[in-house]
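# Geometric and topological summary
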Amino acid sequence: MPRDLISLLRDLTSRFSSERLDLEDLQSAARAAFERFDGSQNDLGDALGIDRAAISRAVRKTGLKHASVQARIVSYVRGEPVQRRSTYRGRSVEHRWIVGLREEPKSSA
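Please read these numbers as outputs of a predicted model, since none were measured by experiment.

## Some points on the side chain of Gln-70
Mapped onto the elements, Gln-70 comes out in helix H5 (residues 64–78). Given the relative accessible area of 0%, Gln-70 is considered buried. Excluding its chain neighbours within four sequence positions, the residues that come into contact with Gln-70 are Leu-26, Gln-27, Ala-30, Ala-58, Lys-61 and Thr-62.

## Digging into helix H4 (residues 52–60)
Residues of H4 that are buried include every one of Ala-54, Ile-55, Ser-56, Ala-58 and Val-59, and no others. Looking at the buried side of H4, the elements it contacts are helix H2 (23–36), helix H3 (41–48) and H5. One side-chain oxygen of the residue at the start of H4 lies 3.2 Å from the amide nitrogen of Ala-53, identifying that residue as Asp-51.

## So, the sheet that holds strand E2 (residues 82–89)
If you trace the three strands from one edge of the open sheet to the other, you get E1-E3-E2, paired in antiparallel fashion. The sheet is open, and its two borders are formed by strand E1 (19–21) and E2, each paired with just one other strand. Averaged over all pairs of adjacent strands, the angle between strand axes in this sheet comes to 30 degrees, irrespective of strand direction. Two strands pair when backbone bridges link them, and E2 and strand E3 (residues 92–99) are joined in this way by eight bridges, in the antiparallel orientation. Bridge pairing links Arg-85 to Arg-96 in E3. Where H2 meets the sheet, it contacts E1 and E3, and its direction lies at approximately 115 degrees from that of E1. Of the strands in this sheet, E1, E2 and E3 are in contact with H5, which crosses E3 at around 15 degrees.

## A closer look at H3
Every buried residue of H3 is listed here: Gln-41, Leu-44, Gly-45 and Leu-48. For H3, the angular spread of buried residues about the axis comes to 100 degrees, placing them on one side. For H3, the secondary structure elements touched by its buried residues are H2, H4 and H5. Between the side-chain oxygen at the start of H3 and the backbone nitrogen of Asn-42 there is a gap of 3.3 Å, and the oxygen is on Ser-40. Residue Gly-49 follows H3 closely and has a positive phi angle near 75 degrees.

## What to know about the pattern of salt bridges
Taken as a whole, this structure holds three salt bridges when the rule is applied. Two residues, Glu-19 and Arg-78, come together in a salt bridge whose shortest N-O distance is 2.7 Å. Remark: Arg-78 occurs in helix H5 and Glu-19 occurs in strand E1; sequence separation between them is 59 residues. What makes Arg-78 partly exposed here is its relative accessible area of 26%. One salt bridge in this structure joins Glu-94 and Arg-96, with 3.5 Å as the shortest N-O distance. Each of Arg-89, Glu-94 and Arg-96 takes part in a single network of salt bridges with overlapping partners.

Here is what the cut-offs are and how they apply
Residues numbered from 1 in each chain as written. Predicted model: local features only at pLDDT ≥ 70, side-chain atom pairs only at ≥ 80, totals over all residues. Heavy atoms only, no water. Helix = DSSP H or I, 4+ residues; strand = E, 2+ residues; numbered from the N terminus. Buried < 20%, exposed > 50% of the residue type's maximum accessible area, 1.4 Å probe, protein only. Contact = heavy atoms within 4.5 Å. Polar contact = N/O pair within 3.5 Å; in protein donor to acceptor, adjacent residues only side chain to side chain. Pairing = 2+ DSSP bridges. Axes fitted to C-alpha atoms, helices over the stretch in contact; angles between N-to-C directions. Arc of directions from axis to C-beta. Salt bridge = Lys/Arg side-chain N within 4 Å of Asp/Glu carboxyl O.

All quantities given are derived from atomic positions and should not be read as evidence of function.
Below is the structure:
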């Protein structure tokens, strides 16, 4: 296989690769991201425009109540977009957070 084709395939794979997280995985990812963050909860809260107490709760607890702060922590520290996707099946709903999904800009043509 020619080298140009291999590098193109690697680029496409990395561009469209993503990580899918449920509520517990999102909390674990937020905790890991905070541990990688070089600063305090106050520093991270200031960077995100969020109160330090909300950062503390999001790192320690799980649940939909904390999910938006957790997603913001993961996005800020990793430098990747985080999207929430919900699937509704009658009375039940399933939420997933997708980290690193890159969408191509839409052309204005």
